[in-house]
Amino acid sequence: MTQDSLQRFAREKLARLDADRLRRELLTTDRTGPATHRRSGSDLISFACNDYLGLSRHPDVVAASVKATQRLGVGAGASRLVTGNHSLYERLERQLAEIKGTEAAVVFGSGYLANLGTIPALVGKRDLVVIDELCHACLYSGVRLAGSDLQIFRHNNVDHAAELLQQNRESHRFCLLVTEGVFSMDGDRAPVGSLLELASEHDAWLMTDDAHGLGVVGDGRGSNATPPGELPVPLQMGTLSKAVGAYGGYVCASREVVALLHNRARSFVYTTGLPPGTVAAASAALDIIVSDVQLTRRPLELARRFTETLGLPEAESPIVPIMLETADRVLAASKRLADAGFLVVPIRPPTVPEGTARLRCTFSAAHHDDDVARFATAMRAILESV
Ligand SMILES: *Cc1c(COP(=O)(O)O)cnc(C)c1O
């Protein structure tokens, strides 16, 4: 009987998603080159991937991963606090802390796990979280787990954040102020410097999620608000799965905060360490990011060439959204782009707010100049007809 109700539940939910044209399906997609994908029998040039520097296939990165796998095995064997803390972690965490200008860093299983574990380890029911409305789902999940009072400020609106702090800060013990460095679905950048000032005025702790900043803005170092040597943003989270090309998440912070996360972040304590090959790959990729500034600048240069050609607002990151409002229009545009040989993913609610369905175009150092020129031409023609 329970099974009948389970089947009915699933069927009805799916029917609802179909009716709203919001149902998603897994499509087999092989990444056959740094910017080329094979999907449903077609070879497409991808403007949909977050491997902004093509590092997931860089020969040095792949070689580092293979070597570590041969030496230490494919899996970590246990959680990091048990026996899974293999020697490659130490170097990776030192590199991350150095890039972000903090004393220490801690690597998690993924960015999602980093946010899910970090927020509840730092704040709880008596505390306040003030967060940008467009922050990623996993930041909201972390806040929900923490059970803190949640106040949401209008996107990138420092005045609104200040107002919420004025109204709410005093009645709470601790306060976390949360933003993204580069917004994942909009591609614009947060006023991190102003938010850092605001946080210090209200004794709030600023946390930035720089999943889409590391490797591609700030000469590869990401959305660090302060130059090296000055007091950094105290909680700098990010991922190793986008421009770094590997997998995993991190939080850069002071030595004490990192030690606290080792003890209190449940998604750190109760999960297996990352495979050695993955950690070695991330380390090798970061070596490239800090040594090749030209490479880190290229995705944004290509994005700007595209926005200029199409008369769009100048790109602030390698992410360029093209707003088409409805699910029908983004699905039609994405289909026509695929027919023209380009892979661009239609983004619909609930990933983005109602009425803001969009094509999310991402640019990579692996794109050729000519790929971008042809993509812009195809996009222009399609936008006139959907
Ligand atoms: C992708 C993403 C994450 C999650 O990172 P994963 O390593 O993929 O789990 C977190 N925050 C933002 C803003 C992201 O875009």
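Residues numbered from 1 in each chain as written. Predicted model: local features only at pLDDT ≥ 70, side-chain atom pairs only at ≥ 80, totals over all residues. Heavy atoms only, no water.

K.L.:
Even after reading the chapter, I still don't get the overall build of the chain, so can you show me in this structure?
P.N.:
Each helix and strand counted, the chain has 14 helices and 14 strands in total. Relative to a compact globule of 386 residues, whose C-alpha radius of gyration would be 21 Å, the chain shows 21 Å and is just as compact. Relative to its full complement of 386 residues, the chain shows a buried share of 51%. Expressed as a percentage of contacts within the chain between residues at least 6 apart in sequence, the contacts between residues at least 24 apart total 70%. (Helix = DSSP H or I, 4+ residues; strand = E, 2+ residues; numbered from the N terminus. Rg over C-alpha atoms; globule rule 2.2 N^0.38 Å. Buried < 20%, exposed > 50% of the residue type's maximum accessible area, 1.4 Å probe, protein only. Contact = heavy atoms within 4.5 Å.)

K.L.:
Sorry, what's going on with the packing of aromatic side chains here?
P.N.:
Here the distance between the centres and the angle between the planes together describe a pair of aromatic rings. Scanning the model with the defined rule gives nine aromatic pairs in all. With 5.0 Å between their ring centres and 45 degrees between their planes, F306 and F363 make a pair best called tilted. Of this pair, F306 sits in helix α12 (residues 293–310) while F363 sits in the loop between β14 (357–362) and α14 (369–383), and the two are 57 residues apart along the sequence. By relative accessible area, which is 0% here, F306 ends up buried. An aromatic cluster is defined as three or more aromatic residues linked by ring pairs; in this entry it consists of F47, F306, F342, F363 and F375. Sitting above the plane of the Y89 ring, R80 keeps its charged end 3.6 Å from the centroid. (Phe/Tyr/Trp six-rings, centres within 6.5 Å; stacked < 30°, edge-to-face > 60°. Lys NZ or Arg CZ within 6 Å of the ring centre and 35° of its normal.)

K.L.:
What's the story with the pattern of salt bridges in this structure? I'm lost.
P.N.:
Pairing between side chains of opposite charge can happen when their charged atoms approach one another. Throughout the structure, instances matching the rule amount to 21 salt bridges. Residue R358 pairs with D186 through a salt bridge whose shortest N-O separation is 3.1 Å. Taken together, the residues span a long stretch of sequence, with R358 in strand β14 and D186 in the loop between β7 (175–180) and α8 (192–201) at a distance of 172 residues. Using a relative accessible area of 2% as the deciding quantity, one classes R358 as buried. (Salt bridge = Lys/Arg side-chain N within 4 Å of Asp/Glu carboxyl O.)

K.L.:
Would you mind going over the state of the cysteines with me for this structure?
P.N.:
Put plainly, a disulfide is one covalent bond tying together the sulfur atoms of two cysteines. All chains considered together, the criterion is met by zero disulfides. C361 supplies the cysteine sulfur nearest to C49, a cysteine that is in no disulfide, at a spacing of 13 Å. We note that C135 lacks a disulfide partner, and the nearest cysteine sulfur, in C138, lies 9.4 Å from it. (Disulfide = S-S within 2.5 Å.)

K.L.:
Help me understand the side chain of H212, please; the structure alone is not making it clear to me.
P.N.:
Tracing the backbone through its elements, the reader meets H212 in the loop between β8 (205–209) and β9 (235–239). For H212, the side chain forms a polar contact with the side chain of Y52, separated by 2.7 Å. Not counting residues within four places of it along the chain, the set of residues in contact with H212 comprises N50, Y52, V182, S184, K242, I319 and R360. (Polar contact = N/O pair within 3.5 Å; in protein donor to acceptor, adjacent residues only side chain to side chain.)

K.L.:
Sorry, what's going on with the site of the ligand here?
P.N.:
Around the ligand, the surrounding shell holds 14 residues, and the nearest of these are D209, H212, T239, S241 and K242. With respect to the ligand, the backbone of Y112 contributes an N or O atom lying 2.9 Å from an oxygen atom. The contact in question runs from an oxygen atom of the ligand to an N or O atom on the side chain of H212, over 2.7 Å. Contact with the protein chains removes 88% of the 380 Å² of surface that the ligand exposes when unbound. When its residues are assigned to classes, the shell around the ligand shows three nonpolar, eight polar and three charged. (Near = heavy atom within 4 Å. Areas by Shrake-Rupley, 256 points an atom, 1.4 Å probe, with all protein chains shown as cover. Nonpolar A, V, L, I, M, F, W, Y, C, P; charged D, E, K, R; others polar.)

K.L.:
Explanation requested: the environment of T29 in the structure shown.
P.N.:
Structurally, T29 is set in strand β1 (residues 29–31). As a C-alpha pair, T29 and V143 span 114 residues in sequence and 33 Å in three-dimensional space. Look past the residues within four positions of T29 in its chain and what remains in contact with it is H37, R38, R39 and L343. Polar side-chain contacts of T29 include one of 2.9 Å to the side chain of R39.

K.L.:
So what exactly am I meant to see when it comes to α12 here?
P.N.:
Given 3.6 residues per turn, any residue in an α-helix points the same way as the ones three and four places further on. With 18 residues, α12 extends 27 Å between its outermost C-alpha atoms, agreeing within 8% with the 26 Å of an ideal straight helix rising 1.5 Å per residue. A bend of about 30 degrees at P299 is the largest found in α12. Turning to α12, its buried residues are T296, P299, L300, L302, A303, F306, T307 and L310. Where α12 is buried, its residues touch α11 (276–291), β11 (319–325) and α14. Of the residues one or two after α12, G311 is the one with positive phi, at around 70 degrees. (Expected span 1.5 Å × (residues − 1). Bend = angle between axes of the 7 residues up to and from the residue.)

K.L.:
Please clarify how the packing of helix α5 (residues 111–122) against helix α6 (residues 137–146) should be interpreted in this entry.
P.N.:
Angle between the axes and distance between the axes are the two parameters that describe a pair of packed helices. It is at 8 Å that the axes of α5 and α6 come closest, and there the two elements cross at 30 degrees. One finds that α5 runs roughly parallel with respect to α6. Taken as a pair, α5 and α6 cross one another with a handedness that is right-handed. Where α5 approaches α6, its residues G111, Y112, N115, L116, I119 and P120 are matched on the opposing element by C138, L139, S141, G142, V143, L145 and A146. (Axes fitted to C-alpha atoms, helices over the stretch in contact; angles between N-to-C directions. Parallel < 35°, antiparallel > 145°, perpendicular 65-115°, else oblique. Left-handed = near helix turned anticlockwise from the far one by under 90°.)

K.L.:
Teacher, can you tell me more about the sheet that holds strand β4 (residues 104–108) here?
P.N.:
In a beta sheet, neighbouring strands pair by backbone hydrogen bonds and run either parallel or antiparallel. Strands sit in the order β4-β10-β9-β8-β7-β5-β6 across an open sheet of seven strands; the sheet is mixed. The sheet terminates laterally at β4 and β6 (149–153), the two strands that pair on one side only. Each neighbouring strand pair of the sheet contributes to a mean axis angle of 20 degrees, computed without reference to strand direction. With five bridges joining them, β4 and strand β10 (residues 249–253) adopt antiparallel strand pairing. Looking at the pairing, A105 lines up with C252 of β10. (Pairing = 2+ DSSP bridges.)

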